[in-house]
Amino acid sequence: MVSLDKKMISERRFKFAKTFLKLLLCVSLVCFIHAIDARADNISRDAASSASNNGTASNSRFDHHEYAYVSSWPIVDRKLGSVSAVDFDCTGNVVIFHRASHVWSLGSFDTENRFQNATEGPIAQHTVLTFSSVTGQIIREWGENLFYMPHGLAIDHEDNYWLTDVALHQVFKFDLKHSLSEPVLVLGQRFEPGHDMEHFCKPTSVAVLKNGDFFVADGYCNGRIIKYSPDGQPLLMWGRNSFILTRTFELPQGPVPESFFAIPHALTLVPDRGLLCVADREQGRVQCFHTANGTYHSQYSSPDIGGRLFSVKYVATNGGLLYIINGPQFTIDVKPVQGFILEMQTGRVVGSFQPNNLLHAFANPHELAVTRDGAEVYVAELNPQMVHKFRRIVKVSNALLLQETFSTEALPMFGTGNRVLTASSIGIFSIVSTLLVTSLLVILMARVICFRPGNSIPRMDELPLRNMGEA
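Every chain begins its residue count from 1, and numbering advances along the sequence as written. The predicted origin of the model limits local features to residues at a pLDDT of at least 70 and limits the giving and counting of side-chain atom pairs to 80 or more, whereas totals for whole chains, interfaces and linings rest on all residues. For the side-chain quantities, the full set of heavy atoms in the structure was used; hydrogens and water were omitted.

**Structural notes on the sheet that holds strand β16 (residues 264-270)**
(1) Moving on: Spatially, four strands are ordered β16-β17-β18-β19 in an open sheet, and the strand pairing comes out antiparallel. At either end of the open sheet lies a strand with only one pairing partner, and these are β16 and β19 (296-300). Between one strand axis and the next, the sheet turns by 25 degrees as a mean value, whatever way the strands run.
(2) Moving on: The rule for pairing is simple: two strands pair if DSSP sees at least two bridges between them. Where helices and strands are cited, they refer to DSSP runs of H or I of at least four residues and of E of at least two residues respectively, numbered from the N terminus. Two elements, strand β17 (residues 275-280) and strand β18 (residues 285-290), share six bridges in a ladder whose sense is antiparallel. Across the sheet, Cys277 pairs through a bridge with Cys288, a residue of β18. What counts as an axis is a line fitted to C-alpha atoms, over the stretch in contact for a helix, and the angles between N-to-C directions run from 0 to 180 degrees.

Here's what the structure looks like:
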């Protein structure tokens with residue numbers, strides 16, 4: 001009778017232990033999931049605070065346009081010169097055009113816009129550098145002994161490189177499969193500024209249509225846009241110079257009319273609307289024109305941007321966005337130097353971006369490039385001589401994750417500078433932690449079930465075979 005009572009007590013203890021451990025397992029998993037959510041919320045708050053310090057407003061209309069600064073990119077093994085341009089090649093790598101040892105100063109040109117330092121020879125260093133967009137390593141370099149004062153860079157859908165040199169007053173087209181030193185097309189007369197269709201005066205930028213037609217922004221002196229056929233024959237021209245330092249007439253009072261340019265500094269195509277948009281630098285606006293005939297379509301500006309903007313790029317997401325970079329302001333109401341995101345439909349500024357620390361703060365940004373989906377932004381800067389990288393932040397399940405990446409460049413974790421949390425680390429951390437908790441509970445359960453006190457009755461599957469006949 002005593003043995004039976006002990007057996008019943010042991011069975012009750014066993015059932016109680018099983019129930020207790022199941023309950024403990026459920027409670028532990030719930031607590032673990034709650035801890036992960038709480039950690040994600042903390043990360044979200046930290047990232048939102050960082051975005052606010054990064055010049056991004058906390059308004060809900062900015063939620064889809066927040067960017068994190070990637071300070072570890074690129075990896076540069078040399079001193080760069082003024083970085084005048086940046087674009088992507090057809091594989092998605094980042095290409096920059098820089099001036100190396102040459103500096104554009106007040107004495108670089110005379111009053112007739114002729115370059116004064118031609119006798120010193122072209123830049124001996126590589127002026128065109130290709131970086132991996134992922135690692136930041138230099139993977140190709142060329143452009144030595146070709147250029148005197150680099151300015152614009154555009155890479156078309158066939159991977160042709162279009163470069164402008166304001167000292168040479170020329171536009172070059174390079175097919176790298178053909179040659180790294182011999183261009184396949186050259187427009188303009190070497191070191192000769194001019195105003196006719198055979199000359200440029202400090203050309204700034206190029207944009208290329210899918211059919212091969214292309215546009216040249218010309219430039220610092222002429223204030224015009226010229227459209228060319230694929231073989232370099234002029235098709236169309238529009239625009240008039242209104243820059244106060246170089247124009248030869250007085251403008252009437254009031255807003256500057258359309259098609260007047262105070263340095264058409266950068267170009268971007270809007271293919272889904274058949275438009276070419278121009279960064280009208282010294283008038284602080286973007287003017288857009290029909291690519292077919294050059295007629296005016298629209299313009300965009302904002303008090304937030306100020307009276308000077310240096311570049312513009314189009315991204316077709318969210319109904320069409322213009323990414324704009326401004327520059328130092330020469331007005332009483334000085335605006336911060338940063339990047340802006342502007343909706344084409346409404347004309348509103350819906351986002352902004354800038355480095356989040358003083359060490360890398362913008363001073364003289366000159367050009368920018370944006371991936372087609374808007375996930376990454378690169379900004380070329382004259383001084384300090386560098387190229388900046390930003391990556392868009394998106395909200396996923398209450399956590400702020402860096403857009404489409406599993407790299408170690410990510411959001412600060414718990415306010416420390418060296419520990420980071422990415423999409424992959426969240427997933428791996430969750431899986432590993434869950435397995436550890438589950439394994440620990442299984443071990444505890446096994447020890448409770450299999451533990452046999454000295455006075456307890458053994459389970460049937462533990463009885464020796466010799467006793468089976470006696471049972």
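Back to the write-up after that little detour.
**Some remarks on the sheet that holds strand β21 (residues 321-326)**
(1) Moving on: Read across the open sheet, the four strands follow the order β20-β21-β22-β23; overall the sheet is antiparallel. What marks the edges here is a single partner per strand, and that holds for β20 (309-315) and β23 (349-353). Averaged over all neighbouring strand pairs, the angle between strand axes comes to 20 degrees, with direction disregarded.

**Description of the confidence of the model for the chain**
Low pLDDT marks regions whose predicted coordinates should not be analysed in detail.
(1) Moving on: Per-chain confidence: the chain averages 82 in pLDDT, with 70% of residues scoring 70 or above.
(2) Moving on: Note that pLDDT drops below 50 for residues 451-471; the model gives that stretch 10 contacts with residues more than four away or on any other chain. Scored from 0 to 100, pLDDT records how confident the predictor is in each individual residue. By definition in these notes, contact holds between two residues if any of their heavy atoms fall within 4.5 Å.

**Description of the pairing of β16**
(1) Moving on: Each residue's exposure class comes from its accessible area (1.4 Å probe, protein chains only) as a fraction of the maximum for that residue type: buried when under 20%, exposed when over 50%, partly exposed otherwise. Extensive coverage of β16 is indicated by the burial of seven of its seven residues.
(2) Moving on: Taken together, the six bridges between β16 and β17 define a ladder with antiparallel strand orientation. When the bridges of β17 are listed, Val270 appears paired with Leu275.
(3) Moving on: Where β16 hands over to β17, the hairpin turn is made up of four residues, of which Gly274 adopts a positive phi near 65 degrees.

**So, empty space enclosed by the protein**
(1) Moving on: Points on a 1 Å grid, built from protein atoms alone, make a cavity when a 1.4 Å probe fits but cannot get out and make a pocket when they are open with protein on both sides within 12 Å along at least 5 of 7 lines; residues with an atom within 4 Å of a point are the lining residues. Grid points are joined across faces, edges and corners, and a volume is the space filled by probe spheres set on the points. On inspection of all chains with the given rule, the structure shows one cavity of 30 Å³ or more.
(2) Moving on: Size it by volume and the largest cavity reaches roughly 40 Å³.
(3) Moving on: Lining the largest cavity are Ser84, Ala85, His151, Gly152, Thr204, His265, Ala266, Phe310, His366 and Glu367.
(4) Moving on: For the lining of the largest cavity, the secondary structure elements donating two or more residues are β2 (83-88), β6 (150-155), β16 and β24 (365-370).
(5) Moving on: Tallied by class, residues from the lining of the largest cavity come to three nonpolar, six polar and one charged. Put simply, Ala, Val, Leu, Ile, Met, Phe, Trp, Tyr, Cys and Pro go in the nonpolar bin, Asp, Glu, Lys and Arg in the charged bin, and everything else, Gly too, in the polar bin.

**Things to note about the environment of Val166**
(1) Moving on: By the secondary structure assignment, Val166 is in the loop between β7 (161-165) and β8 (170-174).
(2) Moving on: In the structure, Val166 is positioned 54 residues away from Tyr220 in sequence and 8.7 Å away in space, judged by C-alpha atoms.
(3) Moving on: What Val166 contacts, discounting residues up to four positions off in sequence, is Trp104, Phe109, Met149, His151, Lys202, Pro203 and Tyr220.

**A short note on the environment of Trp73**
(1) Moving on: Along the polypeptide, Trp73 turns up in the loop between β1 (66-69) and β2.
(2) Moving on: Sequence separation between Trp73 and Ser132 is 59 residues, and the spatial gap between their C-alpha atoms is 9.6 Å.
(3) Moving on: Here a polar contact is taken to be a pair of N or O atoms separated by no more than 3.5 Å, where protein atoms must pair a possible hydrogen donor with a possible acceptor and residues adjacent in sequence count only if both atoms sit in side chains. Side-chain polar atoms of Trp73 contact the backbone oxygen of Ser132, separated by 2.9 Å.

**Topic: the pattern of salt bridges**
(1) Moving on: A pair is scored as a salt bridge if a Lys or Arg side-chain nitrogen falls within 4 Å of a carboxyl oxygen belonging to Asp or Glu. Tallied over the entire structure, the rule returns 11 salt bridges.
(2) Moving on: Put simply, Glu282 and Arg308 hold a salt bridge, and the shortest N to O gap is 3.0 Å. One end of the pair, Glu282, is in the loop between β17 and β18; the other, Arg308, is in the loop between β19 and β20, with 26 residues separating them in the sequence.
(3) Moving on: Given a relative accessible area of 9%, Arg308 falls into the buried group.

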